[in-house]
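Take a look at the letters that make up each chain.
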Amino acid sequence: MEDQASETCKALVERLRRASSVCALTGAGVSKESGVPTFREADGLWNRFRPEELANVEAFIRNPTLVWEWYSWRRELMSRVQPNAGHYALAELSSLLKSFTLITQNVDNLHRQAGSKDVIELHGNIQRNKCQECKTVYLPDDSRTRFEFRKGQLPHCPECNTGLLRPDVVWFGEMLPEDAITQSWEAAERCDLFLSIGTSAVVYPAAALPQVAQASGAFLVEINPQVTELSGKADLSFREPSGEILPTLVNLLKEQA
Ligand code: APR
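Heads up: these notes are all about the structure in this document.

Reading guide: rules and limits
Residues numbered from 1 in each chain as written. Predicted model: local features only at pLDDT ≥ 70, side-chain atom pairs only at ≥ 80, totals over all residues. Heavy atoms only, no water. Salt bridge = Lys/Arg side-chain N within 4 Å of Asp/Glu carboxyl O. Helix = DSSP H or I, 4+ residues; strand = E, 2+ residues; numbered from the N terminus. Buried < 20%, exposed > 50% of the residue type's maximum accessible area, 1.4 Å probe, protein only. Pairing = 2+ DSSP bridges. Expected span 1.5 Å × (residues − 1). Contact = heavy atoms within 4.5 Å. Axes fitted to C-alpha atoms, helices over the stretch in contact; angles between N-to-C directions. Parallel < 35°, antiparallel > 145°, perpendicular 65-115°, else oblique. Left-handed = near helix turned anticlockwise from the far one by under 90°. Polar contact = N/O pair within 3.5 Å; in protein donor to acceptor, adjacent residues only side chain to side chain.

## Describing the pattern of salt bridges
Piece 1. Tallying each qualifying case throughout the model produces 15 salt bridges.
Piece 2. The residue Lys10 makes a salt bridge to Glu7 at a minimum N-O spacing of 3.8 Å. Of this pair, Lys10 and Glu7 both sit in helix H1 (residues 3-18), separated by 3 residues, roughly a single helical turn.
Piece 3. One network of salt bridges, with partners in common, ties together Arg112, Glu121, Arg128 and Asp168.

Right, dumping it as structure tokens:
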């Protein structure tokens, strides 16, 4: 890493050390180095699939089999990937900072697998199921909802016995979980340093969080190899993969601990 960049890293590490509260928002880019496709890059999911056919309630009601085919494919993909160094670095951050809140748009469960405890999952978690009718949520290991999609069966809710189960993820046009929104907004307004990591920052309300933080006085940092809608507002940008820069920051923090 050239000198200027390491100086920038050191300056950020000093801010991290001094910060009374740090907040991070992650997007699909933080899982890219684990082999999970993003959505809006050239090789992203929305360039191969149509979200209006797969990621909204109308599509599910119209063709639940197609939607389950897609989510079963995504679940199978995610069962084969592991957290990367960026996930582990974020999990370690919480033990190195005075206060750290991790908010993610990702549904891939990789932050939890890397050891992050209190992850705020704005868009849900693909490992869980939810009843489309009674909204009961089922954890991944709930034997009552284990089903083999490949046998063509669609899973029904064991609680209400009427509703179809669906992945517990937020679809386009749906409200985000109220508690996740409340906690995220509070964390963004309270923090004095906000990290926007691996997100194109175009999907609201999540994309509002960096600006809420900055408007509340936080220093805004973006980590993304590409320029995004947020880049012009960020106080500091790292045009690098999160799987490289986050471990560097954590190692510098530990050296100075
Ligand atoms: N490190 C950091 N960022 C990366 C990396 C990497 N190694 N690789 C790619 N990126 C960046 C891309 O440059 C891009 O800006 O990750 C970003 C991913 O953007 P999107 O594909 O738009 O994903 P995201 O921002 O998470 O989308 C938000 O949109 O479709 C919905 O619900 C879905 O949660 C998702 C939301």
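## Quick notes on the pairing of strand S7 (residues 193-197)
Piece 1. Across the 5 residues of S7, 5 count as buried, placing the element largely inside the fold.
Piece 2. Burial of S7 is two-sided: the residues Leu193, Leu195 and Ile197 facing one way and the residues Phe194 and Ser196 facing the other way are all buried.
Piece 3. The pairing of strand S1 (residues 22-26) with S7 spans 5 bridges and is classified as parallel. Within S7, the residue paired with Ala24 across the bridge is Leu195.
Piece 4. Bridge count between S7 and strand S8 (residues 219-223): 5 bridges; the pairing is parallel. Among the inter-strand pairings, Leu193 is bridged to a residue of S8, identified as Phe219.

## Notes on helix H5 (residues 64-79)
Piece 1. In this model, H5 (16 residues) spans 22 Å end to end at C-alpha, consistent with the 22 Å of a helix rising 1.5 Å per residue.
Piece 2. All of the buried residues along H5 are Pro64, Val67, Trp68, Trp70, Tyr71, Arg74, Arg75, Leu77 and Met78.
Piece 3. Against the buried residues of H5 lie helix H3 (51-54), helix H4 (57-62), strand S4 (124-131) and strand S6 (165-169).

## Things to note about the pairing of S1
Piece 1. Of all 5 residues in S1, 5 are buried; the element is thus mostly enclosed.
Piece 2. The side-chain alternation of S1 yields two buried faces, one formed by Val22, Ala24 and Thr26 and the other by Cys23 and Leu25.
Piece 3. For S1 and strand S2 (residues 100-104), the ladder comprises 5 bridges, and the chain directions are parallel. Along S2, the bridge assignment pairs Ala24 with Leu102.

## What to know about the packing of helix H6 (residues 85-96) against helix H10 (residues 242-256)
Piece 1. Their axes nearest at 8 Å, the elements H6 and H10 cross at an angle of 30°. In terms of orientation, H6 and H10 fall into the roughly parallel class. As for the relative orientation of H6 and H10, their crossing is left-handed in sense. Of the residues in H10, those touching H6 at Ala85, Gly86, Ala89, Leu90, Glu92, Leu93 and Leu96 are Ser242, Gly243, Leu246, Pro247, Val250, Leu253 and Lys254.

## Here we look at the side chain of Glu121
Piece 1. Within the fold, Glu121 resides in strand S3 (residues 119-121).
Piece 2. The class of Glu121 is buried, set by a relative accessible area of 10%.
Piece 3. Of note is the side chain of Glu121, whose polar atom sits 2.8 Å from the side chain of Arg112.
Piece 4. Within the structure, Glu121 has its side chain in polar contact with the side chain of Arg128 (distance 3.0 Å).
Piece 5. Every residue in contact with Glu121, bar those within four places of it in the chain, is listed here: Thr104, Asn109, Arg112, Arg128, Pro177 and Ala180.

## Digging into the environment of Ser184
Piece 1. With respect to the helices, strands and loops of the structure, Ser184 is situated in helix H8 (residues 178-190).
Piece 2. Given the relative accessible area of 0%, Ser184 is considered buried.
Piece 3. Excluding its chain neighbours within four sequence positions, the residues that come into contact with Ser184 are Ile103, Ile120, Leu122 and Leu209.

## Observations concerning unusual backbone geometry
Piece 1. With an omega of 5°, the peptide bond between Tyr204 and Pro205 qualifies as cis.
Piece 2. Mapping Pro205 onto the fold places it in the loop between S7 and helix H9 (209-215).
Piece 3. Notably, Lys135 is not glycine yet its phi reads approximately 70°, a positive angle.
Piece 4. Checked against the element boundaries, Lys135 lands in the loop between S4 and strand S5 (137-138).
Piece 5. A positive phi angle, close to 60°, is found at Asn161, a residue other than glycine.
Piece 6. Turning to its location among the elements, Asn161 is positioned in the loop between S5 and S6.

## Focus: the sheet that holds strand S9 (residues 236-238)
Piece 1. Here 6 strands make up an open sheet; going across it, the order is S3-S2-S1-S7-S8-S9 and the pairing parallel. What marks the edges here is a single partner per strand, and that holds for S3 and S9. The mean inter-strand angle of the sheet, taken between neighbouring strand axes irrespective of direction, is 20°.
Piece 2. The strands touched by H8 within the sheet are S1, S2, S3 and S7, with S3 carrying the most contacts at an inclination of about 125°.
Piece 3. Sheet strands touched by H10: S7, S8 and S9. Its angle to S8, the strand with the most contacts, is close to 135°.

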